[in-house]
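Chain by chain, the residues:
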Amino acid sequence: MNWTRGHTIGRGSSATVSAATSPHSGNVFAVKSTELSQSQFLQREQKILSTLISPHVVEYIGYDITKEKDRLVYNLHMEYVPGGTLSDAIRRHGGGGGGRLDEAVIGNYTHEILKGLEYIHSIGVAHCDVKSQNILIGESGAKLADFGCAKWLNPREDKAAPIGGTPMFMAPEVARGEEQGLSGDIWALGCTVIEMATGGGSPWTRVADPVSVLYRIGFSGEIPEFPDFLSSQAKDFLGKCLKRDPKERWTAKQLLNHTFLGESNSHTKQFVEFNSDSPTSILDHGVWNTVEESETLDLDSPAKRIGLLLCSGVANWRWDENWITIRSNNNEH
Ligand SMILES: Nc1ncnc2c1ncn2[C@@H]1O[C@H](COP(=O)(O)OP(=O)(O)OP(=O)(O)O)[C@@H](O)[C@H]1O
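Residues numbered from 1 in each chain as written. Predicted model: local features only at pLDDT ≥ 70, side-chain atom pairs only at ≥ 80, totals over all residues.

The chain is annotated in an unreviewed UniProt entry as Mitogen-activated protein kinase kinase kinase 18 from Camellia lanceoleosa.

A. Layout of the sheet that holds strand β2 (residues 16-21). Pairing is antiparallel in the open sheet, where five strands are placed in the order β1-β2-β3-β5-β4. Of all strands in the sheet, those with a lone pairing partner are β1 (4-11) and β4 (60-68), marking the two edges. Strand-to-strand twist across the sheet, computed as the mean angle between neighbouring axes with direction ignored, equals 30°. When β2 meets strand β3 (residues 28-35), the two strands line up antiparallel, connected through six bridges. Within β3, the position partnered with serine 18 by the bridge is valine 31. In the packing of helix α1 (residues 40-49) onto the sheet, the strands contacted are β3, β4 and β5 (71-79), and the crossing angle to β5 comes to about 30°. (Pairing = 2+ DSSP bridges. Helix = DSSP H or I, 4+ residues; strand = E, 2+ residues; numbered from the N terminus. Axes fitted to C-alpha atoms, helices over the stretch in contact; angles between N-to-C directions. Contact = placed C-beta atoms within 7 Å.)

B. Structural context of the nonpolar core. Counting 76 residues, the largest nonpolar core has Ala30, Ile113 and Leu189 as its most contacted members. For this core, the element with the most residues is helix α5 (residues 182-197), which contributes 10 residues. The residues touching leucine 189, leaving out its near neighbours within four places in the chain, are Ile113, Leu114, Leu117, Val130 and Cys241. (Core = buried A, V, L, I, M, F, W, Y, C linked by C-beta atoms within 7 Å. Buried ≥ 20, exposed ≤ 12 C-beta atoms within 10 Å, placed from the backbone.)

C. Structural context of the domain arrangement of the chain. When the domains of the chain are assigned, the result is domain 1 (4-81) and domain 2 (86-265). Between domain 1 and domain 2, the contact holds 13 residues from the first and 17 residues from the second. Among the residues forming the side of domain 1 that touches domain 2, the class breakdown is eight nonpolar, four polar and one charged. (Domains from an automatic or database assignment. Nonpolar A, V, L, I, M, F, W, Y, C, P; charged D, E, K, R; others polar.)

D. Looking closely at the packing of helix α3 (residues 103-122) against α5. Contact geometry of α3 with α5 gives a least axis separation of 11 Å together with a crossing angle of 165°. The orientation of α3 relative to α5 falls into the category roughly antiparallel. Between α3 and α5 the crossing geometry is right-handed. Facing Ile106, Tyr109, Thr110, Ile113, Leu114, Leu117 and His121 of α3, the residues of α5 in contact are Leu182, Asp185, Leu189, Thr192, Val193, Met196 and Ala197. Of the residues contributing to the contact of α3 with α5, the split by class is 10 nonpolar, three polar and one charged. (Parallel < 35°, antiparallel > 145°, perpendicular 65-115°, else oblique. Left-handed = near helix turned anticlockwise from the far one by under 90°.)

Here it is, written out as structure tokens:
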């Protein structure tokens, strides 16, 4: 399929996302690209995303390899989701620690994210990097995106699945490098609810660096603080997500029946207003905040110790805006 690359609409630690259009159909879509020689994570994402079909997951279109400025580029084609990320929505609402979303709005977004999680969990896929930056807001609601750390739970299908994700959102068993399964996504969902309820604040405060975050999550016995203003139902919901023992955490299916979401469902759906761009106007102008270029973090000795804890020889630590995303390089297959 012929297509034309438009401007950059997002940049993560591993890839650049551009708007794209097909000259024949005029369809607009999003293309996530990286140099072919460094595309093992994007190819992994393609393998998983291509198996998922749900209104609560960003839609897969296809992939190809192009030659651009003498470089071979691997491209993952997806539907273009016009409302930006949930993280953008929180910031626009007065985030950065100052604002917070109303509880009904939090309930609605949480409900949609959970529907996406219930679907992927029902077919044995763990997302492994749930956070507001990886939730896109479409016209029909929130969608799970960025399956770059995702894995199949059936080891026969995903022999070398590495431990990965964003330390600030990791569950205790993940931070200790023991296991990373479906319940890790539920812990991360709890952290995402805290993001929404604190105007983009982090689930763990008073931590200076990613290494101490991992130690605190893994070994302190603490759970993140619940924002005071939340109702008792919302706090109960958080309590079910943020159980330190993964076996005690509720599943996505159980959480969908929690009274917190029952409350939010009984009201008209409320979301944060966003400046969505129509698919045809997206190619004309830049409306997206570009995340700053990531930088590699040198491994100092505590980080190396955490690398050992993670049991996967952490080879790829990158800053992801305030937080880092970890992907180990041992997943080539
Ligand atoms: N389908 C899409 N439609 C619209 N915007 C998108 C789409 N996919 C991604 N984006 C934008 O591009 C940004 C980067 O995408 P993504 O998170 O998938 O990249 P990444 O390199 O895997 O990031 P990370 O550093 O979190 O691993 C997103 O935050 C979002 O702003």
